[in-house]
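# Working through the structure, step by step
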Amino acid sequence: VPDDLLLGLKFIFGPCAVPALDLVDQRSVTRVVAPSGRSAYQVLGSSGKLYTCYSSCHFCTCPAFGFTVLQKSESLLCKHILAVYLSQAIGACQELTVSEEQLTSILLAEEEEEG
């Protein structure tokens, strides 16, 4: 990434820009898609935990998103969502095709962890 672009990313997105680029470099972003076309993104975080992101509604299941974005409104997004957007932009997303049932299980597993 050229220095001027990196500076722009850091200026706009703050401290999550560099960690997001690290996630992109590590190819941690996977688009999980079902035959119906429904999809979600899974990002393997730096802690080794898998987070589910929805670019269509700008949401991530990580605690940082819940706290800094939703509760405190201190940031526009977390590093996982930014990694999804950057991966989409440069074509660096891995893709995993799953059945409708598997995608539903992925989505429901996130709800069960939260509840």
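Structural data are supplied above this passage.
Notes on the structure follow. (Residues numbered from 1 in each chain as written. Predicted model: local features only at pLDDT ≥ 70, side-chain atom pairs only at ≥ 80, totals over all residues. Heavy atoms only, no water.)

## A word on the pattern of salt bridges
Any two side chains of opposite charge can pair if their charged atoms end up close together. Counted by the stated rule, this structure contains three salt bridges. The shortest N-O distance in the salt bridge between Glu100 and Arg38 comes to 3.4 Å. With Glu100 in helix α5 (residues 100–114) and Arg38 in the loop between β1 (29–33) and β2 (39–44), this residue pair connects regions lying 62 residues apart in the sequence. Taking relative accessible area as the criterion, Glu100 reaches 23% and is therefore assigned partly exposed. Salt-bridge contacts for Lys72 lead to Glu74; the nearest nitrogen and oxygen are separated by 3.0 Å. By relative accessible area, which is 41% here, Lys72 ends up partly exposed. (Salt bridge = Lys/Arg side-chain N within 4 Å of Asp/Glu carboxyl O. Helix = DSSP H or I, 4+ residues; strand = E, 2+ residues; numbered from the N terminus. Buried < 20%, exposed > 50% of the residue type's maximum accessible area, 1.4 Å probe, protein only.)

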